[in-house]
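# Structural overview
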Amino acid sequence: MESEVTLVLRDVPYQVKGDCVGVERGAYALVRDQHALVCAIGDFDSINVNEYEVIQNKVKNIIKVSSIKDESDSELAVQWCINRGYTRIHVYGALDERLDHQHINCLLAYKYPQIVLYNDINKIQAYEVGDYLIEKEEYLYFSVFAYHPANISLIGFKYPLNHYDLNIDELKTVSNQWIKKDATLSVHQGKVLVYQTR
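Residues numbered from 1 in each chain as written. Predicted model: local features only at pLDDT ≥ 70, side-chain atom pairs only at ≥ 80, totals over all residues. Heavy atoms only, no water.

### Points about the overall build of the protein
- Of regular secondary structure, the protein possesses 4 helices and 13 strands.
- Scaling as 2.2 N^0.38, a compact globule of 198 residues should have a C-alpha radius of gyration of about 16 Å, and the protein matches this with 18 Å.
- Principal-axis analysis of the C-alpha atoms gives the protein an extent of 55 × 35 × 30 Å.
- Split into buried and exposed, the 198 residues of the protein put 48% on the buried side.
- Intrachain contacts of the protein at a sequence separation of at least 6 include 56% that bridge at least 24 residues.
- The positive charge centre, built from 20 side chains, and the negative charge centre, built from 27, are 4 Å apart in the protein. (Helix = DSSP H or I, 4+ residues; strand = E, 2+ residues; numbered from the N terminus. Rg over C-alpha atoms; globule rule 2.2 N^0.38 Å. Buried < 20%, exposed > 50% of the residue type's maximum accessible area, 1.4 Å probe, protein only. Contact = heavy atoms within 4.5 Å. Lys, Arg positive; Asp, Glu negative; His and termini not counted. Charge placed at Lys NZ, Arg CZ, Asp CG, Glu CD.)

Now the structure itself:
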């Protein structure tokens, strides 16, 4: 059975699925919107004293870390969720800010397939070896990338692939489209990062 958590990194639109974990301003946004948090994490340097007091008054489990550290706040929060056994981590606020942070968050999604990153137009998720039915939902475009060599097939897309070798320098696997409601991604070898975009 899947154990879900919603991880909010910034004050952005989000949809709660399962438990709630907040990082810095994301924790404040969840508390402000009257959601119960199982944990708030961060160095809290992006919020003011009054906002931090609001979090302290509403959240029992606060993990305050030094601003001088090797990991990003998002990485620490993801690790906390994984260590607690969550099998699906819905992450909001990981995209559309600093490009270096966005890149790190995409790498986290690639490293940990239980992560799904969301913003207003994108859903980003990694897939390991296996066959996956990918429902079109509200997305128009389907792009697939690999950081390490992978082999994939795509069925039910405008541009199908059959046991295609995918490498980090591949550029033609962007902006594919569904030709029916459900299409299939088969990962025969390696791991891929999939972007679904409106």
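Having seen the structure, we can now continue with the description.
### Here we look at the packing of aromatic side chains
- Inspection of the entire model under this criterion finds 8 aromatic pairs.
- Here the aromatic rings of Phe157 and Trp178 are separated by 5.7 Å at their centres, their planes lie at 45°, and the arrangement is tilted. Of this pair, Phe157 sits in the loop between strand 10 (150-155) and strand 11 (161-166) while Trp178 sits in the loop between strand 11 and strand 12 (182-189), and the two are 21 residues apart along the sequence.
- In this structure Phe157 comes out as buried when scored by relative accessible area, which is 2%.
- Its relative accessible area of 8% is what places Trp178 among the buried residues.
- Clustering of aromatic rings is evident, with ring pairs tying together Phe142, Phe157 and Trp178. (Phe/Tyr/Trp six-rings, centres within 6.5 Å; stacked < 30°, edge-to-face > 60°.)

### Overview of the pairing of strand 10
- Taking burial as the measure, the 6 residues of strand 10 include 5 buried ones, the bulk of the element.
- Looking at chain direction, strand 10 and strand 11 are connected through 4 bridges and run antiparallel. Looking at strand 11, one finds that Asn151 is bridged to Asp165.
- Both strand 10 and strand 12 contribute to a ladder of 5 bridges, which runs antiparallel. (Pairing = 2+ DSSP bridges.)

### Comments concerning the sheet that holds strand 8 (residues 130-135)
- Here we have 4 strands laid out as an open sheet, ordered 8-12-10-11, and antiparallel in their pairing. With one partner strand each, in any of the chains shown, strand 8 and strand 11 form the two edges of the open sheet. Ignoring strand direction, the axes of neighbouring strands in this sheet form an average angle of 25°. (Axes fitted to C-alpha atoms, helices over the stretch in contact; angles between N-to-C directions.)

### Some points on the sheet that holds strand 13 (residues 192-197)
- Taken together, the 9 strands give an open sheet; going across it, the order is 4-3-2-1-5-6-7-13-9, and neighbouring strands pair in mixed fashion. Here the strands that pair on one side only, and so sit at the sheet edges, are strand 4 (62-64) and strand 9 (141-145). On average, each strand axis in the sheet is inclined to that of its neighbour by 20°, with strand direction left out of account.
- Bridge count for strand 5 (residues 88-92) against strand 6 (residues 115-118) is 4 bridges, and the pairing is parallel. Looking at strand 6, one finds that Ile89 is bridged to Ile115.
- Lying over the sheet, helix 1 (residues 25-32) contacts strand 1 (4-8), strand 2 (19-23) and strand 3 (39-42), oriented at roughly 135° with respect to strand 2.
- Here helix 3 (residues 73-83) sits on the sheet in contact with strand 1, strand 2, strand 3, strand 4, strand 5 and strand 6, set at roughly 145° to strand 3.

### Considerations on helix 1
- Of all 8 residues that make up helix 1, 6 are buried, and the element is covered over most of its length.
- Considered for burial, the residues of helix 1 that qualify are Gly26, Ala27, Tyr28, Ala29, Leu30 and Val31.
- In this structure, the buried side of helix 1 is in contact with strand 1, strand 2, strand 3 and helix 2 (49-58).
- Of the residues one or two after helix 1, Gln34 is the one with positive phi, at around 65°.

### With respect to the side chain of Asn151
- Structurally, the position occupied by Asn151 is in strand 10.
- Given the relative accessible area of 8%, Asn151 is considered buried.
- One polar contact links Asn151 to Asp165, side chain to side chain, over a distance of 2.8 Å. (Polar contact = N/O pair within 3.5 Å; in protein donor to acceptor, adjacent residues only side chain to side chain.)

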